[in-house]
Structure formats: structure tokens, C-alpha cells
Amino acid sequence: MASHFRSYIWDPVLIVSQIVLMQCIYYSFLGLWLAGVDSLVQSSRSLDQIFSYEVLGFATMQGRLIMMAFILNSLTCALGLWLFIRRGKQCLDFTVTVHFFHMIGCWIYNAHLPAALSWWLVNIACMALMAVIGEYLCMRTELRAIPVNSGPKSNL
């Protein structure tokens, strides 16, 4: 009998559904973090906070708080990788995919590629955080000891 431990089967439906799930996690938790930040400073909520590259900046307090929301969102998305992807090898792939689709969304929203250095720095830092923490959590789960003994112990 062949062992099926960690067998890999190409399942495009699973991969696409995981991509959609991670995008939903990314935008829903980013919205929650931004709502929390907006409630602290009593600012108005808008899609500009998610998609406009001009609001991310070091110069204003609101820009720094939005950057903080993006960084906190990368931590919650790393938990999403751990809970739903569960493979350390795939964490970087899903992280890059989520941020690539976010860049496409920003490109469509602004009608051109983001040009601000702060947008690129924040997204690269968030990508690194999400991938490293997600991979760390998945690898801890994958490297747990596998119980080998299945029968009762006998005293000899």
C-alpha cells in the first residue's frame, strides 16, 4: 500500500477559491483596520484610503495611521495564510498574488500605476511581513511531531 502522506494533486478550483478567499480576507480586514483608525481620529471613510496611493505618506498623521492599518492588515492576513492555506511553501505565492491584485486594483482606481515611493515601500514591507509570518506559522504547524505509535504500549 502506497503512502499518501503530503501527496500533491493539482486542483485549480481549490487554488482559485483560496485566492478569492485571501483577497476577501485582505480587503475585509483592511477595511476593519481602517475603520478602527478612522474612529480614533474622526476622519471620513472612503475608498481612497484603500486604493489611492496619494493618501499613504509619512508627512501627515492620517497617512501614517493608514500605513499602520496596512501593516496590521498584513499580520491578520498572515493568520489567514496559516488558517486557510496551511502550506509554508505556498505562503509567498499567495502573498504576492494578493498584493499583485491589489496593485491592479490601485492601477484601475487611479488610472495609472502608483507613483509614490511611500506606496511601494509600504506594500513591499507588508508583503515581506505577511509572507514571513505566514510561512513561520505554517512551518510550525507542519513540523509538529507525527505520532508513530498507534497501538497500546505493552510492558515487557
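Residues numbered from 1 in each chain as written. Predicted model: local features only at pLDDT ≥ 70, side-chain atom pairs only at ≥ 80, totals over all residues. Heavy atoms only, no water.

1. Topic: the confidence of the model for the protein chain
Reading fine detail from the predicted coordinates is not recommended where pLDDT is low.
Logical step 1: In the predicted model, the protein chain carries a mean pLDDT of 89, and 89% of its residues have values of at least 70.
Logical step 2: Ranking the helices and strands of the protein chain by mean pLDDT puts helix H4 (residues 91-110) first, with 96, and helix H2 (residues 48-51) last, with 92. (pLDDT = per-residue confidence, 0-100. Helix = DSSP H or I, 4+ residues; strand = E, 2+ residues; numbered from the N terminus.)

2. Looking at the packing of aromatic side chains
Aromatic ring pairs are reported here in terms of the distance separating the ring centres and the angle at which the planes meet.
Logical step 1: If you walk through the whole model with that rule in mind, you get 5 aromatic pairs.
Logical step 2: Both rings, one in Trp119 and one in Trp120, keep their centres 4.8 Å apart while their planes meet at 85 degrees; by these two values the pair is edge-to-face.
Logical step 3: Trp120 sits in the partly exposed class, given a relative accessible area of 31%.
Logical step 4: Counting every residue linked through ring pairs, the aromatic cluster contains Tyr26, Tyr27, Phe51 and Tyr109. (Phe/Tyr/Trp six-rings, centres within 6.5 Å; stacked < 30°, edge-to-face > 60°. Buried < 20%, exposed > 50% of the residue type's maximum accessible area, 1.4 Å probe, protein only.)

3. Focus on the side chain of Ser118
Logical step 1: Relative to the elements of secondary structure, Ser118 occurs in helix H5 (residues 117-142).
Logical step 2: What Ser118 contacts, discounting residues up to four positions off in sequence, is Leu56, Gly57 and Phe58. (Contact = heavy atoms within 4.5 Å.)

4. Section: H4
Logical step 1: A rise of 1.5 Å per residue sets the reference length of H4, with its 20 residues, at 28 Å; its end C-alpha atoms lie 28 Å apart and thus fit the reference within 8%.
Logical step 2: Every buried residue of H4 is listed here: Cys91, Phe94, Thr95, Val98, His99, His102, Met103, Cys106 and Asn110.
Logical step 3: Taken together, the buried residues of H4 touch helix H1 (12-41), H2, helix H3 (61-85) and H5.
Logical step 4: Downstream of H4 by one or two residues, Ala111 has phi in the positive range, about 70 degrees. (Expected span 1.5 Å × (residues − 1).)

5. A few points about a nonpolar patch on the surface
Logical step 1: A surface patch of nonpolar side chains, amounting to about 370 Å² of accessible area, comprises Trp107, Leu113, Trp120 and Ile124.
Logical step 2: Mapped onto the elements of the fold, Ile124 is located in helix H5.
Logical step 3: Owing to a relative accessible area of 51%, Ile124 belongs among the exposed residues under this scheme. (Patch = residues over 30% accessible without salt bridge, like charges linked within 9 Å, V, L, I, M, F, W, Y side chains within 5 Å. Areas by Shrake-Rupley, 256 points an atom, 1.4 Å probe, with all protein chains shown as cover. Salt bridge = Lys/Arg side-chain N within 4 Å of Asp/Glu carboxyl O.)

6. Quick word on the pattern of salt bridges
Logical step 1: In the structure shown here, the tally under the stated rule is 1 salt bridge.
Logical step 2: Glu142 is the salt-bridge partner of Arg87, the closest N and O atoms lying 3.1 Å from each other. Taken together, the positions of Arg87 in the loop between H3 and H4 and Glu142 in helix H5 put the pair 55 residues apart, joining distant regions of the chain. By the burial criterion, Arg87 is buried, and Glu142 matches it.

7. Things to note about the side chain of Thr76
Logical step 1: Mapped onto the fold, Thr76 is located in helix H3.
Logical step 2: Take Thr76: its relative accessible area is 16%, and that puts it in the buried class.
Logical step 3: With residues near it in sequence (within four places) discarded, Thr76 still touches Phe29 and Trp33.

8. Brief notes about the UniProt feature "transmembrane region" (unreviewed entry) in the protein chain
Logical step 1: Within the UniProt annotation, "transmembrane region" (unreviewed entry) is assigned to residues 12-35, 65-85, 92-111 and 117-138.
Logical step 2: Between the end C-alpha atoms of residues 12-35 the distance is 34 Å, and the span holds 100% helix and 0% strand.
Logical step 3: In residues 65-85, the share of helix is 100% and the share of strand is 0%. The end C-alpha atoms are 29 Å apart. (UniProt positions renumbered as here; feature names shortened; annotations may be inferred.)

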